[in-house]
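Residues per chain are reported as follows:
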Amino acid sequence: MTFYEQEVRRLHALMYPRPELTRRIIQAKEYIDRNFQGPVGLSSIAGNAFLSKFHFLRLFKLHYGMTPHQYLTAVRLREARRLLAEGLPVSQVCGAVGFDSISSFKGLFKRYWGRTPSMLKKAILETGVAGKV
Amino acid sequence: MVDDQKKALRFYTEVLGFIKKRDIPMGEHSWLTVVGPKEPDGTELLLEPMGFEPARVFQKALFDAGIPFTMFQVEDIQAEYLRLQGLGVVFKMPPTPMGPSTIALFADGCGNYIQIFQV
């Protein structure tokens, strides 16, 4: 067994000692992936994972390096970028990815992608390449 | 770093599915880059020729320890594992759970291990 294989095994055992908990956290992440367009509450996700809110929050961060809310926001903003590249209006994209407030959507989008939805959409449509902007 | 750029170009395009972006002659080597098919103007992967002896020592040390030189995210690691096996790629490590991720490791035939992962 190589050094790397030994390290993978060691870290896996150290970081994720309870496979059942890891499985539940993965399921919770997949729940967010499937339901980000609608309201996704921490209580309901934690409840589905049979964990208290606090325990769930801690475990999610341990597994993915961010809180469930941060993950949910990232999923929504990545999808928003994809929809903007398809030419959808900003207001429609905002609702389609689960945001209630357009101003909050615009602010989060700018913080995540470095420019407003309108600016990004314009740049994508001008260059015709989503990966370039 | 690759020990043979022509061989590397074949592997990274025909097997892994990258697209050649630049191939600019540079003496006995080339400035050779490939890109992902979904983002032709995205990040370029440089298939850098092995032209510096200490780098060869570094690359061999990584390879002997089984450490991947780089890694690529895939959407479905099991499907990619089967696809690459079908193209003759030999895996050092089959898809293996690592917490919330799954990783797999194969040699690129140019002196490196490459890891693919799914989150």
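The structure contained in this document is the topic of the report that follows. (Residues numbered from 1 in each chain as written. Chains lettered and ligands numbered in written order. Predicted model: local features only at pLDDT ≥ 70, side-chain atom pairs only at ≥ 80, totals over all residues. Heavy atoms only, no water.)

**Focus on the overall build of chain A**
Now for step 1: For chain A, the helix and strand inventory stands at eight helices and zero strands.
Now for step 2: Its helices and strands taken in sequence order, chain A reads α-α-α-α-α-α-α-α from the N to the C terminus.
Now for step 3: Taking 133 residues into account, the globule formula puts the C-alpha radius of gyration at 14 Å, and chain A, at 18 Å, lies well above it.
Now for step 4: Projecting the C-alpha coordinates of chain A onto the three principal axes gives extents of approximately 50 × 40 × 20 Å.
Now for step 5: Evaluated residue by residue, chain A yields a buried proportion of 38% over its 133 residues.
Now for step 6: Taken as a whole, chain A presents about 7,600 Å² of accessible surface, with 56% of it coming from carbon and sulfur.
Now for step 7: Side chains of chain A carry 21 positive and 9 negative charges; the gap between the two charge centres is 6 Å. (Helix = DSSP H or I, 4+ residues; strand = E, 2+ residues; numbered from the N terminus. Rg over C-alpha atoms; globule rule 2.2 N^0.38 Å. Buried < 20%, exposed > 50% of the residue type's maximum accessible area, 1.4 Å probe, protein only. Areas by Shrake-Rupley, 256 points an atom, 1.4 Å probe, with all protein chains shown as cover. Lys, Arg positive; Asp, Glu negative; His and termini not counted. Charge placed at Lys NZ, Arg CZ, Asp CG, Glu CD.)

**Focus on the sheet that holds strand β4 (residues 68-73) of chain B**
Residue and element names in this part refer to chain B.
Now for step 1: Here we have four strands laid out as an open sheet, ordered β4-β7-β6-β5, and mixed in their pairing. Taken across any chain shown, the strands that pair with only one partner, and hence form the sheet edges, are β4 and β5 (91-98). Sheet twist, expressed as the mean angle between neighbouring strand axes with direction ignored, is 20°.
Now for step 2: In this structure, strand β6 (residues 101-107) lies alongside strand β7 (residues 113-118), joined through six bridges in antiparallel fashion. Its bridge partner being in β7, T102 is matched across the sheet by Q118.
Now for step 3: Sitting on the sheet, helix α3 (residues 77-86) is in contact with β5, β6 and β7, with an inclination near 175° to β5. (Pairing = 2+ DSSP bridges. Axes fitted to C-alpha atoms, helices over the stretch in contact; angles between N-to-C directions. Contact = heavy atoms within 4.5 Å.)

**Observations concerning the packing of aromatic side chains**
Now for step 1: One pass over the structure, following the stated rule, counts 15 aromatic pairs over all chains.
Now for step 2: Taken together, a centroid distance of 5.3 Å and an interplanar angle of 65° make the contact between F91(B) and F106(B) edge-to-face. Taken as a pair, F91(B) in strand β5 and F106(B) in strand β6 lie far apart in primary sequence, 15 residues in all.
Now for step 3: Its relative accessible area of 0% is what places F106(B) among the buried residues.
Now for step 4: Ring pairing ties together the aromatic residues F11(B), Y12(B), F18(B), F72(B), Y81(B), F91(B) and F106(B), which thus form one cluster.
Now for step 5: The ring of F99(A) is capped by R76(A), whose NZ or CZ atom sits 5.6 Å from the centre of that ring.
Now for step 6: We note R81(A) situated over the ring of W113(A); from NZ or CZ to the ring centre the distance is 4.6 Å. (Phe/Tyr/Trp six-rings, centres within 6.5 Å; stacked < 30°, edge-to-face > 60°. Lys NZ or Arg CZ within 6 Å of the ring centre and 35° of its normal.)

**Digging into the environment of P68(A)**
All names here are of chain A.
Now for step 1: Here P68 shows up in helix α5 (residues 68-85).
Now for step 2: For the pair formed by P68 and I26, sequence separation is 42 residues and the distance between their alpha carbons is 11 Å.
Now for step 3: Here P68 is in contact with I32, L42, F56, L57 and F60, once residues within four sequence places are set aside.

**Digging into the interface of chain A and chain B**
Now for step 1: Across the boundary between the two partners, chain A contributes 16 residues, which contact 18 residues of chain B.
Now for step 2: Overall, the association of chain A and chain B removes approximately 1,400 Å² of surface from exposure, summing both partners, and the carbon and sulfur fraction of that is 71%.
Now for step 3: Between chain A and chain B we count zero salt bridges in total.
Now for step 4: Linking chain A to chain B there are five residue pairs in polar contact (both at pLDDT 80 or more).
Now for step 5: Among the elements that take part in the side of chain A that touches chain B, helix α1 (residues 3-15) of chain A stands out by supplying six residues, more than any other.
Now for step 6: A class-by-class count of the residues in the side of chain A that touches chain B yields eight nonpolar, five polar and three charged. (Buried area = accessible area lost by both parts, 1.4 Å probe. Salt bridge = Lys/Arg side-chain N within 4 Å of Asp/Glu carboxyl O. Polar contact = N/O pair within 3.5 Å; in protein donor to acceptor, adjacent residues only side chain to side chain. Nonpolar A, V, L, I, M, F, W, Y, C, P; charged D, E, K, R; others polar.)

**A few points about the sheet that holds strand β1 (residues 19-26) of chain B**
Residue and element names in this part refer to chain B.
Now for step 1: Across the sheet, three strands lie side by side as β1-β2-β3; this open sheet has antiparallel pairing. Sheet topology places β1 and β3 (45-46) at the edges, where each strand pairs with a single neighbour.
Now for step 2: When β1 meets strand β2 (residues 29-35), the two strands line up antiparallel, connected through seven bridges. What sits directly across from R22, in β2, is T33.

**Thoughts on the nonpolar core**
Now for step 1: Membership of the largest hydrophobic core comes to 30 residues, with the highest contact counts inside it found for F56(A), V97(A) and F105(A).
Now for step 2: At the level of elements, α2 (19-35), α3 (42-48), α4 (53-64), α5, α6 (90-96), α7 (102-113) and α8 (117-127) of chain A are the ones that each hand at least two residues to this core.
Now for step 3: Of the residues forming this core, the biggest block, seven residues, is contributed by α5(A).
Now for step 4: Residues in contact with F105(A), not counting those within four places in the same chain, are L77(A), A80(A), V90(A), V93(A), C94(A), V97(A), F99(A) and P117(A).
Now for step 5: In terms of nonpolar packing, the next biggest core, distinct from the first, is built from 23 residues, A8(B), V34(B), Y81(B) and F106(B) among them. (Core = buried A, V, L, I, M, F, W, Y, C linked by side-chain atoms within 4.5 Å.)

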